[in-house]
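Coordinates in review
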Amino acid sequence: MLELIKKILTHQDRIGVDKLRHFYSGTLGFALFCILINPIWASVIVVGAGVFKEIYDIVTGKGQGEVLDGFFTSLPVILYWLVVIF
């Protein structure tokens with residue numbers, strides 16, 4: 001049990017703070033757009049923004065575009081639809 005608590009408290013060491021920031025921003029954006037619009041359009045907006053931001057980083061060279069960053073931004077949407085469907 002102590003090992004599980006330790007893993008939960010130190011998850012940022014394994015995943016990385018940057019990936020967690022993408023996940024949390026995707027979660028916040030998805031929740032807000034679900035409240036303001038609906039889950040379908042919220043999904044389109046959050047996933048589109050995550051993908052567009054990474055493509056923009058790659059094309060302009062202003063950031064380091066990573067596929068995993070886009071995935072972690074979209075992960076809350078994926079988890080939401082998995083829960084709703086199943």
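Up top you'll find the structure we're talking about.
1. Topic: the overall build of the protein chain
In terms of helices and strands, the protein chain carries 5 helices and 0 strands. Mapped in sequence order, the helices and strands of the protein chain form the string α-α-α-α-α. Counting only C-alpha atoms, the protein chain reaches 40 × 35 × 20 Å along its principal axes. Burial statistics for the protein chain: of 86 residues in total, 23% are counted as buried. Restricting the contact set of the protein chain to residue pairs at least 6 apart, pairs at least 24 apart contribute 51%. Surface summary for the protein chain: the accessible area is close to 6300 Å², and the carbon and sulfur share equals 75%.

2. Thoughts on the environment of Asp69
Its place among the elements puts Asp69 in helix H5 (residues 67-85). Since its relative accessible area comes to 3%, Asp69 is described here as buried. With 16 residues separating them in the primary sequence, Asp69 and Lys53 have C-alpha atoms 9.4 Å apart.

3. A word on the side chain of Thr73
Tracing the backbone shows Thr73 in helix H5. At 3.0 Å, the side chain of Thr73 forms a polar contact with the side chain of His22. Once residues within four sequence positions are removed from consideration, Thr73 is found in contact with His22, Gly26, Val46 and Gly50.

The rules behind the values
- Residues numbered from 1 in each chain as written.
- Predicted model: local features only at pLDDT ≥ 70, side-chain atom pairs only at ≥ 80, totals over all residues.
- Heavy atoms only, no water.
- Helix = DSSP H or I, 4+ residues; strand = E, 2+ residues; numbered from the N terminus.
- Buried < 20%, exposed > 50% of the residue type's maximum accessible area, 1.4 Å probe, protein only.
- Contact = heavy atoms within 4.5 Å.
- Areas by Shrake-Rupley, 256 points an atom, 1.4 Å probe, with all protein chains shown as cover.
- Polar contact = N/O pair within 3.5 Å; in protein donor to acceptor, adjacent residues only side chain to side chain.

Worth remembering: the numbers are spatial, not functional.
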